[in-house]
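Examining the three-dimensional arrangement
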Amino acid sequence: MSSSQIKNTRYKSNMGTTRWATIEEIQQSATRVDIDAPVYPIGGVPIMSDGHTAYLDGRDTHTLIFGATGSKKTRIFCMPTLNMFIRAGESFVVTDPKAELYVRTGGFAKEHGYKTVVLNFRDIGYGDMWDPLALPYEYYRTGRRDEANNLVNDLAATLSARQKENTTDLLYPLMAETLLTANMYLLFEAAAAENAVNMRSLTALCSQAALESLKTLAGKMSTQNTIGMLFKGTLLGENEKTIASIMSVLYGMVSIFNLNKRLTDMLCHNTFDIRMFGHEKTAVYVIVPDEKTTCHFLVTMFIKQVYEILIGEAQRQATLSLPVRVNFVLDEFCNIPKVPDMPSMISAARSRNMRFYLVVQSLHQLKGRYGEDADTIKGNCDNWIFLTSRERDLLNEMSFLCGEIDAWGPGGAEKRKLISVTELQRFSKERGECLILHGREYPFITYMADIDQYPAFSNYKVVPIPPIEIPHPPTFDVIKFTTKFAFIADGVPFSNPD
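Residues numbered from 1 in each chain as written. Predicted model: local features only at pLDDT ≥ 70, side-chain atom pairs only at ≥ 80, totals over all residues. Heavy atoms only, no water.

On to the confidence of the model for the protein chain. Here the protein chain averages 93 in pLDDT, while 97% of its residues score no lower than 70. Confidence over residues 9–14 falls short of pLDDT 50; this stretch has eleven contacts with residues more than four positions distant or in other chains. (pLDDT = per-residue confidence, 0-100. Contact = heavy atoms within 4.5 Å.)

In this section: the sheet that holds strand S3 (residues 45–49). Strand order in the open sheet formed by three strands is S2-S4-S3, and the pairing between neighbours is antiparallel. At either end of the open sheet lies a strand with only one pairing partner, and these are strand S2 (31–34) and S3. On average, each strand axis in the sheet is inclined to that of its neighbour by 40°, with strand direction left out of account. Pairing geometry for S3 and strand S4 (residues 53–57), over four bridges, is antiparallel. Along S4, the bridge assignment pairs Ser49 with Ala54. Lying over the sheet, helix H2 (residues 73–88) contacts S3 and S4, oriented at roughly 110° with respect to S3. (Pairing = 2+ DSSP bridges. Helix = DSSP H or I, 4+ residues; strand = E, 2+ residues; numbered from the N terminus. Axes fitted to C-alpha atoms, helices over the stretch in contact; angles between N-to-C directions.)

Attention shifts here to a nonpolar patch on the surface. Together, Val103, Tyr460 and Val462 line one region of the surface with nonpolar side chains, adding up to about 220 Å² of accessible area. Turning to its location among the elements, Val103 is positioned in helix H3 (residues 100–111). (Patch = residues over 30% accessible without salt bridge, like charges linked within 9 Å, V, L, I, M, F, W, Y side chains within 5 Å. Areas by Shrake-Rupley, 256 points an atom, 1.4 Å probe, with all protein chains shown as cover. Salt bridge = Lys/Arg side-chain N within 4 Å of Asp/Glu carboxyl O.)

What follows covers the pattern of salt bridges. Any two side chains of opposite charge can pair, so long as their charged atoms come close to each other. Applying the stated criterion to the full structure yields 25 salt bridges. One salt bridge in this structure joins Glu90 and Arg325, with 3.5 Å as the shortest N-O distance. With a gap of 235 residues between them, Glu90 in the loop between H2 and strand S6 (91–95) and Arg325 in the loop between helix H13 (296–315) and strand S9 (326–330) connect regions that are remote in the sequence. Taken individually, Glu90 and Arg325 each receive the classification buried, so the pair is uniform in this respect. A salt bridge links Glu177 to Lys164; its shortest N-O distance comes to 2.9 Å. Taken together, the residues Glu177 in helix H6 (residues 171–190) and Lys164 in helix H5 (residues 145–165) connect sequence positions 13 residues apart. One salt-bridge network, held together by shared partners, links Lys72, Arg75, Arg104, Asp450 and Asp452. (Buried < 20%, exposed > 50% of the residue type's maximum accessible area, 1.4 Å probe, protein only.)

What follows is the structure, encoded as structure tokens:
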């Protein structure tokens, strides 16, 4: 790699508070890989690359990539990074709105012996199936109640997020979320015999048709039982008008599952085990339409559940970290609903052998989605990569972080930005020019290779997403259950104290 690959002479000065990093400093801080090598010692985002030799950040750090639409974020960073993970044998979970990441890297993953999972919300019936209730239910039945509670609460929080965001009166959304949580536990206790613990059954429990049966069951539950109190407080402690409002909000939380039965059935079965992502090399592609937001909440739900389950798996290892590193590459990160507890997730992930790569269009977009938490998320990302933007706040922040130098102007000595806002807007898209703040190194500007400039990655094989047969799942009949068990001693779940 030649020294022309990195700019380190612009405004070079031996004075001032900053300077450009030298090529030697950047190379010493990263891991050098020969792109043609069949196996890499480690995976990571390339911070210098000409398509033949790359310097990767293989440390347990997180990366934030800024670039407006059309800035080649995916081609310059996402696609090469996934291929480097594959050569290094690391697992990854990637959001793939256009399915282009699967097209360019899915074949390589299969060739390298990866378990490939495609969660396809764009074309239902192709790819894999995921049951959000399967592992929470398994943990509940096997005595791992704390882990089950965490997963159930995460599911309820994600399903209720839209209703809570769209109102200033949180009373009904919060009570509906409580009832949604209680309904999941009711399924765990009552629907097991019918093998009907699934999203279709949960949707049925959240309908107006189930209300009278739920009230009857709630009346038989113990006031000294935690779940029983959730039912009693929501269904028996309020007047009919309030209960009607709660049920209306609850129905809205699960309405997509009533409207799209094929999607619901897809979410009633599992074709993969999330726990294995951290034990065997796995490539997970989450394909979701970017032209509409209907299924975006499912991406948030999936990411959160994968993270929580892998945290649990890491805690069971002697090293308290996953045997196989798992990388979350979240393209268009701010287009999906807010991931609950994202600041805590990104803080705790690195010690468990997990990394996040967050790809966003603007600072405004990040703050709009995460509010004050955006600063925590930014602060936990050691690598900032900037491609292009017209956003003044982002341009000013990048310029400010690069620091100032002492310069000589018409009026004598003066302070000058190492790089100005104007210059940040003039990067060459064709040459992949970008500014990188890497760890504790000085800033540097480099030219990054486009995915088509990697000869080793050019002979990709497009592997069609296989069709799947989606079985019709059994549905829990709460009316039948109530008729049969409501007046039998101990026939109603949660009728005994905790």
